[in-house]
Amino acid sequence: MGEFPTTHPRIIGLTGGIGSGKSTVRRVLAAFGVPGWSADDAGRAVYRNHPDLRRWVADTWGADLLIRDDAGHDVDVDRGALGHIVFQNPAALAALSKRIHPLVAAAFATWRLAQTQREAPPTWVVREAAILFESGTDRDCTVTLNVEAPESERIERVVRRDGVAREAVRHRMNQQWTDLQRRGRADWTLHNGMRDELLPQIEAFLEGLPVDTL
Ligand code: ADP
């Protein structure tokens, strides 16, 4: 015990619009030995892990947003209902984001630290976030990787994946940066349309990763 590598793995910031294939790319990178973490997944867990946050949500938007266990204790937040509120209201979304971002960032820091304790600590890890640039999280990343696919394909994929209406997907897209904005900021862009081959692009990306930035 007590073997603590002094260097933390460097961060690949992975982003892309909803349905572009970010999570798919994260899983492929994990198969190539680069472990990944998802801000979306962490954002889902954050309400379960932080009673103070649940209380604040209830105080701000109503206790009917709370999910309770059989004993009546609140254990989670109805994120669908909360989403209906905040995605119609930019001020509400900003207020919620301000609460959530530090908690999600702390969850990532904990996860990244845990990677240093693995038997073979990775040199790189993936931090996936739909709003990597919008949130300023890209500043913590050594390299940023953007995934793109045609908008019509993205909509169809999300409708199939989540069983939601096309209009709801379009609404989400309108809250995020455009492909053009992300591409302008990202170090690398992968194309994940149905006519594109993803694997060779991912291999080229991994081969191009800097090796001398420690
Ligand atoms: P994101 O994380 O960017 O929202 P996902 O990786 O979850 O996107 O991909 C959205 C859906 O589309 C998933 O069901 C996934 O399996 C599927 N998908 C991803 N890439 C492709 C592709 N190249 N062709 C067809 N379906 C894809």
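The structure contained in this document is the topic of the report that follows. Since we're looking at a predicted model, the values are computed, not measured.

A few words on the nonpolar core. Residues W37, Y47, V57, L82, L96, I100 and V104 are the most contacted members of the largest nonpolar core, which totals 27 residues. Every element with two or more residues in this core is listed here: helix 2 (39-49), helix 3 (51-61), helix 4 (79-86) and helix 5 (90-115). Ignoring anything within four residues of it in the chain, the contact list for W37 reads R26, A42, V104, A107, F108, W111, V126, R127 and E128. Residues V25, V28, V143 and F205 belong to the second largest nonpolar core, which totals 16 residues.

For the rest of this paragraph, the subject is the layout of surface pockets. The volume enclosed by the second largest pocket comes to roughly 150 Å³. Every residue along the wall of the second largest pocket is listed here: E151, R154, R170, M173, N174, Q176, W177, T178, D179 and R182. Listed by contribution, the elements that provide at least two residues to the lining of the second largest pocket are helix 6 (151-162), helix 7 (166-175) and helix 8 (179-185). Per-element accounting of the lining of the second largest pocket gives the leading share, three residues, to helix 7.

Moving on: the side chain of R182. Topologically, R182 is positioned in helix 8. Exposure remark for R182: the relative accessible area of 1% places this residue in the buried category. Here W177 takes part through its backbone oxygen, which lies 2.9 Å from a polar atom of the side chain of R182.

Below, the discussion takes up the sheet that holds strand 2 (residues 36-38). On the basis of which strands lie adjacent, the open sheet formed by five strands has the order 2-5-1-6-7 and parallel pairing. Each end of this open sheet is capped by a strand with a single partner; those strands are strand 2 and strand 7 (188-191). Recorded for the sheet is a direction-independent mean angle of 25 degrees between the axes of neighbouring strands. Relative to strand 5 (residues 124-128), strand 2 runs parallel, the two sharing three bridges.

Within helix 9 (residues 198-207) the residues assigned to the buried category are L198, Q201, I202 and F205. Burial along helix 9 is one-sided: seen end-on, the buried residues are contained in an arc of 100 degrees. Next to the buried residues of helix 9 lie strand 1 (10-16), helix 1 (22-31), strand 6 (143-148) and strand 7.

Counting through the fold element by element, V77 comes out in strand 4 (residues 74-77). On the basis of relative accessible area, V77 is assigned to the buried category, the value being 2%. Considering only alpha carbons, one finds V77 and I67, 10 residues apart in sequence, at a separation of 5.3 Å. In this view, V77 contacts Y47, R54, V57, L65, L66, I67 and L82; residues no more than four positions away in its chain are not counted.

Before going further, it helps to spend a moment on the packing of aromatic side chains. Any two aromatic rings considered together are summarised by their centre-to-centre distance and by the angle between their planes. Evaluation of the coordinates by the stated rule reveals five aromatic pairs. Ring centres 5.9 Å apart and planes at 35 degrees place the aromatic pair F108 and W111 in the tilted group. You can see F108 and its partner W111 sitting in helix 5, three residues apart, about one turn around the helix. For F108, a relative accessible area of 3% puts it in the buried group. Seen in terms of ring centroids, F133 and W177 are 5.8 Å apart; in terms of plane orientation they differ by 10 degrees. Their pairing is stacked. Here the residue F133 occupies a position in the loop between strand 5 and strand 6, and W177 occupies one in the loop between helix 7 and helix 8, the gap between them amounting to 44 residues. Residue class for F133 comes out buried when judged on its relative accessible area of 5%.

The subject of this paragraph is helix 5. With 26 residues, helix 5 should cover 38 Å at 1.5 Å per step; its first-to-last C-alpha distance of 36 Å lies within 8% of that length. Along helix 5, the sharpest change in direction is near 30 degrees and occurs at I100; proline P102 comes one to four residues later. Listed in full, the buried residues belonging to helix 5 are A92, L96, I100, V104, F108, W111 and Q115. Next to the buried residues of helix 5 lie strand 1, strand 2, helix 2, helix 3, helix 4 and strand 5. By the N-cap criterion, in which a side-chain oxygen at the helix start approaches the backbone nitrogen of a residue two or three places on, helix 5 is capped by N89, the distance to A91 being 3.1 Å.

What counts and how
Residues numbered from 1 in each chain as written. Predicted model: local features only at pLDDT ≥ 70, side-chain atom pairs only at ≥ 80, totals over all residues. Heavy atoms only, no water. Core = buried A, V, L, I, M, F, W, Y, C linked by side-chain atoms within 4.5 Å. Buried < 20%, exposed > 50% of the residue type's maximum accessible area, 1.4 Å probe, protein only. Helix = DSSP H or I, 4+ residues; strand = E, 2+ residues; numbered from the N terminus. Contact = heavy atoms within 4.5 Å. 1 Å grid on protein atoms, 1.4 Å probe; cavity = no way out; pocket = protein on both sides within 12 Å on 5 of 7 lines; lining within 4 Å. Points joined across faces, edges and corners; volume = space filled by probe spheres on them. Polar contact = N/O pair within 3.5 Å; in protein donor to acceptor, adjacent residues only side chain to side chain. Pairing = 2+ DSSP bridges. Axes fitted to C-alpha atoms, helices over the stretch in contact; angles between N-to-C directions. Arc of directions from axis to C-beta. Phe/Tyr/Trp six-rings, centres within 6.5 Å; stacked < 30°, edge-to-face > 60°. Expected span 1.5 Å × (residues − 1). Bend = angle between axes of the 7 residues up to and from the residue.

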